[in-house]
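# Summary of the model geometry
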Amino acid sequence: MHEAFGYTGLVIFAAGTLLGFLLHRSDYCMAGIFRDLFLFKNSPLLRVFLIQFFVTMFFFYLGRASGLVELYPPPNLREASFITLAGGFIFGTGMVLAGGCVMGTLYKMGAGNVGSLLAFLGLITGSGLYAEVYPLFFKLHKDTIIVKDVLFGQFLSKGEDILFILMMVFLSLVILRWIKEGKIYQKAYADGYIQPWITAVLISLINLIIYITSQTPMAISTAYAKLVAYIEKLFVPLHYTTLEFFRRLSYSVYSSKGDLIEGGPGAQIDHIFIVEISLLLGIVFGSFISALSLREFRILKKLPPSAQLISAFTGGLLLAFSSRMAGGCNVKFLMSGLPMLSIQAMVFLLGLVPGSYLGTIIFKKFVIGDKVIVRRKG
Amino acid sequence: MNNIILDIRGQICPACLLISLKELNNNRESIKKGEASLVVLTDHRDATRTIPNAVTAMGYSVNVEKRDGYYEITIKKER
């Protein structure tokens, strides 16, 4: 193993630990952003997410301007296809059913939530299922590519800076107005609560640190595929070798210093292992520390109703399968890709919104239903 | 006064708010008259934001106390 890998892994594990801590303290749930818009016609977290989008865009711009961010577009973004759109749609549904996104599942599981543990197992299972059908979906992706450019800025060439300035000015005005109207502050009674906007700004900073350290912005879902690869290699080694999915590379490029940046879903220590597995472990650990320090860690103290457990597992399965279809999850697309105006991220979001709507309907109808047990006491 | 206890510890998002609102609706008459209060037990941190926000907007008064590893949200008629 390259010695720089160890350093990168440590930095990302530390960043992930801070991230897990913050996510737990603010209960920063991306699954809620669109779901609450459909359920309650009100989504305060959507405003907070726009702050994250704004700050990340600004930080990435600084990173590029200073030369600290070298690979732009990053190697883990690709062209958009109709499979990206379909993936986004299924992802939206899965996110509502799982009760959290790919990252939300990790911090909730770290704090001892059994539903999220089921969603985690669903994510592992969904990644394994996708490995079986990968050649079909990869062909469909190649056949339905919408546009060859990865970033919207590549369309515009010199107009990119003007677009950036216009967006910065517009978003600043909108956010300033929200601040004036008191729409950013969230009143919550949870112990040790951190305002979500603070977490949003810090996630943007963590994302920049990850981008500078690893040459790729924050991403996480291939880590689940890698975990499956190790499980299959251990228990069904012959079958493992027959799967093309685990043999392929997601990316392979050289940095300006000549370092090889290469990784794939297979069971090997590569760039994805160092970056995404370290981040995954960090988030679970950070959230565990936060919950423990608040005396809020609980596991198997009380199980949710079986309908919620089934929903969480199914949601997790859909999240993983659709992430692999689309080539990433909400972390890579909404937190990293969208602020770079990645076309793949925009297409993913276009599918995700109606998908969340469908998930909301399914959750209300089949998961909540009418089975509420109430104990009365005088 | 009757305390209607709704124990939703361990449940996933957004079930906490939906179930609480459903229970509040089922007991609207007695809570509005001040004959009963709804006490929600939850270990979901975000529910300490979403439930008080929703019920205060509906004209109820709310109080949140931290218990042993969970939160107790009491919803009563407006004072």
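### What about the overall build of chain B?
- Along the backbone of chain B there are three helices and four strands.
- Each helix and strand of chain B, placed in order from N terminus to C terminus, yields the pattern β-α-α-β-α-β-β.
- For chain B, the C-alpha radius of gyration of 11 Å lies close to 12 Å, the compact-globule estimate for 79 residues.
- Taken along the three principal axes of its C-alpha coordinates, chain B extends 30 × 20 × 20 Å.
- Per-residue burial for chain B yields a buried fraction of 63% across its 79 residues.
- A total accessible area of about 3,100 Å² is found for chain B, and carbon and sulfur atoms account for 41% of it.
- Computed over 12 positive and 10 negative side-chain charges, the separation of the two mean positions in chain B equals 4 Å.

### Digging into the packing of helix α16 (residues 343–368) of chain A against helix α1 (residues 15–26) of chain B
- Direction vectors running N to C along α16 of chain A and α1 of chain B enclose 60 degrees, while the axes themselves pass 12 Å from each other. Considered as vectors, α16 of chain A and α1 of chain B are oriented oblique to each other. Note that α16 of chain A runs across α1 of chain B; the crossing there is right-handed. Two secondary-structure elements touch here, α16 of chain A through F363, K364 and I368 of chain A and α1 of chain B through A15, L18, I19 and K22 of chain B.
- Here the residues of the contact of α16 of chain A with α1 of chain B sort into five nonpolar, no polar and two charged.

### Some remarks on the packing of helix α6 (residues 114–143) of chain A against helix α14 (residues 306–326) of chain A
All names here are of chain A.
- Where α6 meets α14, the axes come as close as 6 Å, and the angle between the chain directions of the two elements is 35 degrees. As for how α6 packs across α14, the hand of that crossing is right-handed.
- Here the residues of the contact of α6 with α14 sort into 17 nonpolar, six polar and one charged.

### With respect to empty space enclosed by the protein
Residues and elements named next belong to chain A.
- Applying the stated criterion to the full structure yields four cavities of 30 Å³ or more.
- Of the voids in this model, the largest cavity is the one considered here, and its volume is about 140 Å³.
- Together, M57, F60, Y61, R64, Y72, G153, E160, L163, F164, P339, M340 and L341 line the largest cavity.
- Where the lining of the largest cavity is concerned, the elements lending two or more residues are α3 (44–66) and α8 (160–180).

### Structural notes on the nonpolar core
- With 123 residues, the main nonpolar core has L19, I220, I283 and F363 of chain A together with I75 of chain B as its most contacted residues.
- With ten residues, the single largest contributor to this core is α3 of chain A.
- Excluding anything up to four places from it in sequence, L19 of chain A contacts M103, I203, I206, M218, L279 and I283 of chain A.

### Looking at the confidence of the model for chain A
- Summary statistics for chain A give a mean pLDDT of 92 and a share of 96% for residues scoring 70 or more.
- Here residues 371–378 of chain A is modelled with pLDDT under 50, and outside its nearest four sequence neighbours on either side it reaches 21 contacts, counting other chains as well.

### Observations concerning the confidence of the model for chain B
All names here are of chain B.
- Confidence along chain B averages 91 in pLDDT terms, with 100% of residues attaining 70 or more.
- Within chain B, no element has a lower average pLDDT than α1, which sits at 90, and none a higher one than strand β3 (residues 60–66), at 95.
- Two summary scores accompany this predicted model of the complex, namely pTM at 0.93 and ipTM at 0.93.

### With respect to unusual backbone geometry
All names here are of chain A.
- A cis amide bond, omega 0 degrees, links Y72 with the succeeding residue P73.
- As for its position among the elements, P73 is in the loop between α3 and β1 (80–81).
- Even without a glycine there, the phi angle at D27 is positive, about 45 degrees.
- Tracing the backbone shows D27 in the loop between α1 (3–26) and α2 (31–40).
- Under the relative-accessibility criterion, D27 is labelled buried at 5%.

### Observations regarding the interface of chain B and chain A
- With 33 residues of chain B at the interface, the matching set in chain A holds 45 residues.
- Taken together, both faces of the contact between chain B and chain A bury some 3,400 Å²; the carbon and sulfur share is 54%.
- Here chain B and chain A share four salt bridges between them.
- Residues K66 of chain B and D191 of chain A are paired through a salt bridge, measuring 2.9 Å at the closest nitrogen-oxygen approach.
- Summed over the shared surface of chain B and chain A, the number is 16 residue pairs in polar contact (both at pLDDT 80 or more).
- Of all elements in the fold, only β1 (2–7), α1, α3 (47–57) and β3 of chain B reach the threshold of two or more residues within the side of chain B that touches chain A.
- In terms of residues, the side of chain B that touches chain A owes the most to one element, α1 of chain B, which gives seven residues.
- Grouping the amino acids of the side of chain B that touches chain A by side-chain chemistry returns 15 nonpolar, nine polar and nine charged.

### Describing the pattern of salt bridges
Residues and elements named next belong to chain A.
- Taken as a whole, this structure holds 13 salt bridges over all chains when the rule is applied.
- Its salt-bridge partner being R35, residue D36 comes within 3.0 Å of it at the nearest N-O pair.
- The class for D36 is buried, based on a relative accessible area of 7%.
- Take R35: its relative accessible area is 2%, and that puts it in the buried class.

Conventions and cut-offs
- Residues numbered from 1 in each chain as written.
- Chains lettered and ligands numbered in written order.
- Predicted model: local features only at pLDDT ≥ 70, side-chain atom pairs only at ≥ 80, totals over all residues.
- Heavy atoms only, no water.
- Helix = DSSP H or I, 4+ residues; strand = E, 2+ residues; numbered from the N terminus.
- Rg over C-alpha atoms; globule rule 2.2 N^0.38 Å.
- Buried < 20%, exposed > 50% of the residue type's maximum accessible area, 1.4 Å probe, protein only.
- Areas by Shrake-Rupley, 256 points an atom, 1.4 Å probe, with all protein chains shown as cover.
- Lys, Arg positive; Asp, Glu negative; His and termini not counted.
- Charge placed at Lys NZ, Arg CZ, Asp CG, Glu CD.
- Axes fitted to C-alpha atoms, helices over the stretch in contact; angles between N-to-C directions.
- Parallel < 35°, antiparallel > 145°, perpendicular 65-115°, else oblique.
- Left-handed = near helix turned anticlockwise from the far one by under 90°.
- Contact = heavy atoms within 4.5 Å.
- Nonpolar A, V, L, I, M, F, W, Y, C, P; charged D, E, K, R; others polar.
- 1 Å grid on protein atoms, 1.4 Å probe; cavity = no way out; pocket = protein on both sides within 12 Å on 5 of 7 lines; lining within 4 Å.
- Points joined across faces, edges and corners; volume = space filled by probe spheres on them.
- Core = buried A, V, L, I, M, F, W, Y, C linked by side-chain atoms within 4.5 Å.
- pLDDT = per-residue confidence, 0-100.
- Buried area = accessible area lost by both parts, 1.4 Å probe.
- Salt bridge = Lys/Arg side-chain N within 4 Å of Asp/Glu carboxyl O.
- Polar contact = N/O pair within 3.5 Å; in protein donor to acceptor, adjacent residues only side chain to side chain.

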